[in-house]
Each structure stands twice: as structure tokens, then as C-alpha cells.
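Residue-level structural notes
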Amino acid sequence: MTRTLTSPRHRRSLRAISLATLTAVVLAGGMAATTAQAAGSTLQAAATEKGRYFGTAIAANKLSDSTYTTIANREFNMVTAENEMKIDALEPNQNQFNWTNGDRIVSWARSNGKQVRGHTLAWHSQQPGWMQNMSGTALRNAMLNHVTQVATHYRGQIHSWDVVNEAFQDGSSGARRDSNLQRTGNDWIEAAFRAARAADPNAKLCYNDYNTDDWTHAKTQAVYNLVRDFKARGVPIDCVGLQSHFNAQSPVPSNYQTTISSFAALGVDVQITELDIEGSGSAQADNYRKVVQACLAVSRCTGISVWGVRDTDSWRASGTPLLFDGNGNKKPAYTATLDTLNGGTSNPQPGGCTVAVTRSTDWSDRFNVSLAVSGSSTWRVSIQLQGGQTLQNSWNATVSGSSGTLTATPNGAGNNFGITVYKNGNTNLPTATCSTT
Ligand code: 9MR
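Not measured: the values here are computed from a predicted model. (Residues numbered from 1 in each chain as written. Predicted model: local features only at pLDDT ≥ 70, side-chain atom pairs only at ≥ 80, totals over all residues. Heavy atoms only, no water.)

Some points on the overall build of the protein chain
- Secondary structure assignment for the protein chain yields 13 helices and 17 strands.
- Burial statistics for the protein chain: of 437 residues in total, 49% are counted as buried.
- Partitioning the contacts of the protein chain with sequence separation of at least 6, the portion at a separation of at least 24 is 72%.
- Looking at the protein chain as shown, the accessible area adds up to about 19,000 Å², and 49% of this sits on carbon and sulfur atoms. (Helix = DSSP H or I, 4+ residues; strand = E, 2+ residues; numbered from the N terminus. Buried < 20%, exposed > 50% of the residue type's maximum accessible area, 1.4 Å probe, protein only. Contact = heavy atoms within 4.5 Å. Areas by Shrake-Rupley, 256 points an atom, 1.4 Å probe, with all protein chains shown as cover.)

A few points about the packing of aromatic side chains
- This model, assessed by the stated rule, comprises 11 aromatic pairs.
- Here the aromatic cluster, defined as three or more aromatic residues joined through ring pairs, consists of Phe97, Trp99, Tyr154 and Trp161.
- For Lys219, the ring lying beneath its charged end belongs to Tyr210, and the centroid distance is 3.5 Å.
- The cationic tip of Arg366 hangs over the ring face of Trp363; the distance from NZ or CZ to the ring centre is 4.1 Å. (Phe/Tyr/Trp six-rings, centres within 6.5 Å; stacked < 30°, edge-to-face > 60°. Lys NZ or Arg CZ within 6 Å of the ring centre and 35° of its normal.)

Things to note about the side chain of Ser262
- By secondary structure assignment, the location of Ser262 is in helix H11 (residues 256–264).
- Looking at Ser262, the relative accessible area reads 14%, which means it is buried.
- Contact partners of Ser262, with chain neighbours within four places excluded, come to Trp215 and Tyr224.

Some words on the site of the ligand
- In the region of the ligand, 13 residues are neighbours, and Glu82, Asn83, Lys86, His119 and Glu274 sit closest.
- Within the contact set of the ligand, an oxygen atom lies 2.4 Å away from a side-chain nitrogen or oxygen of Glu82.
- One nitrogen or oxygen atom from the side chain of Lys86 is found 2.8 Å from an oxygen atom belonging to the ligand.
- When isolated, the ligand has an accessible area of 450 Å², and the protein chains bury 76% of it.
- Partitioning the shell around the ligand into residue classes produces three nonpolar, six polar and four charged. (Near = heavy atom within 4 Å. Polar contact = N/O pair within 3.5 Å; in protein donor to acceptor, adjacent residues only side chain to side chain. Nonpolar A, V, L, I, M, F, W, Y, C, P; charged D, E, K, R; others polar.)

Regarding unusual backbone geometry
- At the junction of His119 and Thr120, the peptide bond is cis and its omega measures out at 0 degrees in the coordinates.
- With respect to the helices, strands and loops of the structure, Thr120 is situated in strand S3 (residues 115–123).
- Phi at Asn95 is positive, roughly 65 degrees, even though this residue is not glycine.
- You can see Asn95 is positioned in the loop between helix H5 (87–90) and helix H6 (100–111).
- Despite not being glycine, Glu166 has its phi angle at roughly 55 degrees, a positive value.
- By the secondary structure assignment, Glu166 is in the loop between strand S4 (160–165) and helix H9 (188–199).

Remarks on the sheet that holds strand S11 (residues 366–374)
- Reading across from one edge, S10-S11-S16-S13 is the order of the four strands in this open sheet, with antiparallel pairing throughout. If you trace the sheet from one side to the other, it starts and ends with strand S10 (354–362) and strand S13 (390–395), each paired once. Shown here is a sheet whose adjacent strand axes are inclined to one another by a mean of 25 degrees, direction ignored.
- Pairing of S13 with strand S16 (residues 416–422) involves five bridges; the strand directions are antiparallel. Looking at the pairing, Ser394 lines up with Ile419 of S16. (Pairing = 2+ DSSP bridges. Axes fitted to C-alpha atoms, helices over the stretch in contact; angles between N-to-C directions.)

Description of the packing of helix H10 (residues 218–233) against H11
- Packing of H10 against H11 brings their axes to within 10 Å, and their N-to-C directions diverge by 15 degrees. In terms of their interaxial angle, H10 and H11 are classed as roughly parallel. Pair H10 / H11 crosses with right-handed handedness. Taking contact as the criterion, the partners of Thr220, Val223, Tyr224 and Val227 in H10 are, on H11, Thr259, Ser262 and Phe263.
- Of the residues in the contact of H10 with H11, the class split is four nonpolar, three polar and no charged. (Parallel < 35°, antiparallel > 145°, perpendicular 65-115°, else oblique. Left-handed = near helix turned anticlockwise from the far one by under 90°.)

Here's what the structure looks like:
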């Protein structure tokens, strides 16, 4: 046996096997790299790589618009019905449920491999006329019946339910919003959560609101206290939804990450549920970047949904608050969101360095990439251009190579340097790693 194995003929064939194995490994490596690159080329793929989802609101009457469904299907893996699962839509007459449009959205989502956020079981707004005219015990029971019937109908198909929506006042009071539901007794919120848990034990149950993004706002603190109280008393709650509708009057707060991490520290997930940010160009892109960065910085921030696909689909279309323009083209806000989802600096080794990579000016054929090294002044940065991309130009560092992997070292200009990259059809941001020399 030994002799046979070590015979020259066998050694040759062993070498052939090793070569074949090696080739396979290299090929597999190449394929893995291609897959990883493709995986980060849509919002859903990039978010998945970070252990999150990326969703959108969907309107049933737009499911026949192929531009809309093409984008929605490609980019998002979580779907919220924009209006079709609200109380007036599902129970237009008491105890007569109309599931048609809610079911259309759920079945579109599920047949395309997406998950669904349910929105919303109990709310002061969008109540059908019969409910608006009710009060007291009759209203409480009607609300609980609605929660039970709807959560039962969709049982097993919902990732997370917005069980209660917008139950607190704006402004400095921190009080509950006055509504017919609130007037049935302060415990209406916990009653709704208990009914939802009983009807669908596997859905995550969320409290969802707007103007709860700034940690210093009374409304944020009021929701925080509600969640803390629910956790302390064992009322079932799994998540908080920050709607995050931003504009000039209500900008992305500088303490947004503190808000997210503070809720998460109570033992609930945080979901950014209705994100839209009015504006355009690089200012809007920067705001989207801040939101995504804040979510990625908190492990219990488990997903982000934008409130619509194209600007023209938005409830406030004139503010152009979304990631795609009316023609379905990707906006700078889209690119910033994708880049941020794909980004992230590795933790420095002791005595090591990190490099942050951001896209700056973007032209049709090329873009600038800014690289900022921290942790050391004696570094070597390895930059991996994406497939097809080539180097045009560099500044403030010595850069060698022209495609594939580039190497950058200090040229006396400090730790911030840049390159211009020809896209050649590939708009993805290069990646970089830093080592000390
Ligand atoms: O985008 C929704 C719009 O089409 C409806 O007319 C409106 C009233 O129901 O609701 C909008 O969505 C809201 C969501 O349900 C709750 N948070 C605020 C959203 C924007 O108004």
C-alpha cells in the first residue's frame, strides 16, 4: 500500500489532485467573492449582511406598476402595508372584515420571499365611522375584538405588529393623547398588547410613534417610561418602532443613537419603521447616512423601513423624502444608505489602525473616495476596487496599482487621502483595510 501510494505515478496523480483541489479552492474563493459583492449591491442584501432587514411601505394599488414592483422586489425584504391593514380598511363595518387588500400585500410579499410588518392594530386615527362613534366598554370590547380578529387572521405571517400607534401627545407634556380609546381607560394599551400576544404568539409586538427620535423630548421619555413599565410588569412587548419622519423642522437628532440604544437597553428591539427625510442631494444623503449609522451601531436595532418606494409614492411627495426619484432612479440618498450598510470599520488591533471609506463627489463615469486612517501615522492601506473599476487619480498618499487591489502609503500629507475611481459600470464603493508598518 505504502509503496503504491508513493510510486511516482501515484505522486503525480496526488499532485494532480492537489492542483485540482487548489484550483477548486481558488475558484470557490472567486465565486464567494462575487457572491459577497453581489450580496451588498441592494439594500436588502447589504442589510442582511449586517443581520438586519431593509423594508418599505407598499400600497396595494401600485402592485400593477412594474417600475414600482421591480424596485420594491429588488431592494427590500420587509413590507408594511401603507394603509391596507388599518382599522378602517380591515373592519369597515363592525364585525365585517374586508381582507382583500391586506391579503394582496401579504401574498405579494410572501410570494417574493419578503417578511411583513403589520400596521396597525389600535390607533386613534383611521377608525371606521362606527368606531369613531363608540365609547366606554363597547369601544374597548370592539377594539379588543379587532385586535384579536386581525392578529388571528394573519397569525404566522407577520414578523412584527404595530400593536398601538401614536398614543402620546406631542409637545412638552409627556401625556397620553386624548382619544376615544384613551378615554376607555389608561390600560387600553396594555390590553391591546395582551390580546395581540394571545392571538399571534410568534409575532413581535411593537409600540410605534413619531417625534420619539430625540432623546430629550418629553414624548420620547414618555414612551420610554411606558416600555420600562411594561417590561417591569410583564406586559408583552418586544419592540419599539421609531417612525422617523424627518425634515427641516424635525431634523435627525444628534442624540438619535442614544435614543435607540436607550430603548434597546430596556430589552426590546428597535425598528425604524417609517423613515423618510425631506430634502435632496448630498444634504439628504448625509441625513440618511446618519440614520443608518445609528441603527448599525446598536445591535438590537434590527431593521429599517422607508415609508414608500419613489418620491412620487410618498405621503409628502413634494418634500422628495425617499431613496428613488419619480422615475425610479437611485438618488444620492440611496447610494449613501447602501454604502453605509456595506461599510463599517474593523476593530483596531492594539497598536493597529483603521480606515474609514466614504464616497464623496460622484459623476456619471467616476467618483471620489475619501479614506481616513486613524490609530497610526505609519500605515499601509489596501484598497479593493470593485470588479471593472480602475484608478484615475489619487491625492495625499502614494498609491500603487490601477485595478483590483491598490496599496496606499503616507506621502507626508497626513492620514486623510483620496482616490478617483472610474466606475466602468460598477458603482459599488471599494473596501479598504489598514495595517501598520
Ligand atoms: O402614508 C399614509 C397615507 O397614505 C395616509 O393617507 C395617512 C393616513 O392614514 O397615513 C399615512 O401613513 C402614516 C402611518 O400610517 C402612521 N405614521 C404616519 C404616516 C404618515 O402620515
